[in-house]
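Report on the structure
The chain contents come next:
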Amino acid sequence: MIKELLKKLKIVLFTKRCDMCGEVVCFDQDFCEECCLLSEIAEPLCSKCGCSKQECKCKKHQKEVEYKAVVAPFYYEGSVTRAILNMKMNEMPKLVDYQGKCVSDAVKKYYDAVEFDFVTFVPMRKEDKAARGYNQAELLADVVSKECNIPLKDILIKKRKTKVQKRQKASERFANMYNAFDVGKNADLFGKKILLIDDVKTTGATLTSIALTLKAYGASSVYCAVVAIVK
């Protein structure tokens, strides 16, 4: 009897949301209708852009990347777009639990032969993190670290304020991120294989800038994993 009363009270007092995107759902559902129909990026993948090779457009672009490979479970479209925006802009950090698990599954699937020394994440400026209250890439990396049993290290620093990437033309994004990152003191990166986590990969400018920085400090290779990739 008490259990039933508590269950009804929970229904009245709390709103159930989709584990992936945060949309309101019925209490007997974990996902909204759209997220139930989500499909992962089809194999085989292009290591440079992370897209399915059937949809890869790398031959049309001349920019080289500094990371070894990038993988993601989803494309940045439909409910996945809503999921990521809700996670980082609409104060729903809890959504990283499921999104992080999806990234972890992609890491296990595509990087199964890679022995990572540690996982790290795209940093935010202290002022920006304080304003938001959290860094979504850090929260995602924490989930990946636990799911994949890879040590998590907070080693990266964002040195300067950059323009919002999504407002920049593709040709401007690499320049915008040039020399924007550094590594904290006493970070031992020599010969290390590093897994770098972010939420979205568009042109790869942010990931390339960080990979270049990590390699400049001695890292042997940098692999990337994100929740979603822009086609």
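A short tour of the structure in this document, coming up. (Residues numbered from 1 in each chain as written. Predicted model: local features only at pLDDT ≥ 70, side-chain atom pairs only at ≥ 80, totals over all residues. Heavy atoms only, no water.)

It is worth spelling out the packing of helix H4 (residues 96–110) against helix H6 (residues 136–148) at this point. Here H4 crosses H6 at 55 degrees, and the two axes come no closer than 8 Å. Comparing their axes, H6 and H4 come out oblique. Read as a crossing pair, H4 and H6 show a hand that is right-handed. Facing H4, whose interface residues are Val-96, Asp-97, Gln-99, Gly-100, Lys-101, Val-103, Ser-104, Val-107 and Lys-108, H6 presents Gln-136, Leu-139, Leu-140, Val-143, Val-144, Glu-147 and Cys-148. Looking at side-chain class alone, the contact of H4 with H6 contains 8 nonpolar, 4 polar and 4 charged residues. (Axes fitted to C-alpha atoms, helices over the stretch in contact; angles between N-to-C directions. Helix = DSSP H or I, 4+ residues; strand = E, 2+ residues; numbered from the N terminus. Parallel < 35°, antiparallel > 145°, perpendicular 65-115°, else oblique. Left-handed = near helix turned anticlockwise from the far one by under 90°. Contact = heavy atoms within 4.5 Å. Nonpolar A, V, L, I, M, F, W, Y, C, P; charged D, E, K, R; others polar.)

Next up on the list: unusual backbone geometry. Of the consecutive residues Glu-43 and Pro-44, the connecting peptide bond is found in the cis state with omega at -5 degrees. Looking at the secondary structure, you find Pro-44 in the loop between helix H2 (33–36) and strand S1 (69–71). The backbone of Asn-149 shows a phi angle near 60 degrees, a positive value even though the residue is not glycine. You can see Asn-149 is positioned in the loop between H6 and strand S4 (156–158). Its relative accessible area of 69% is what places Asn-149 among the exposed residues. Although it is not a glycine, Asn-186 sits at a positive phi angle of roughly 65 degrees. (Buried < 20%, exposed > 50% of the residue type's maximum accessible area, 1.4 Å probe, protein only.)

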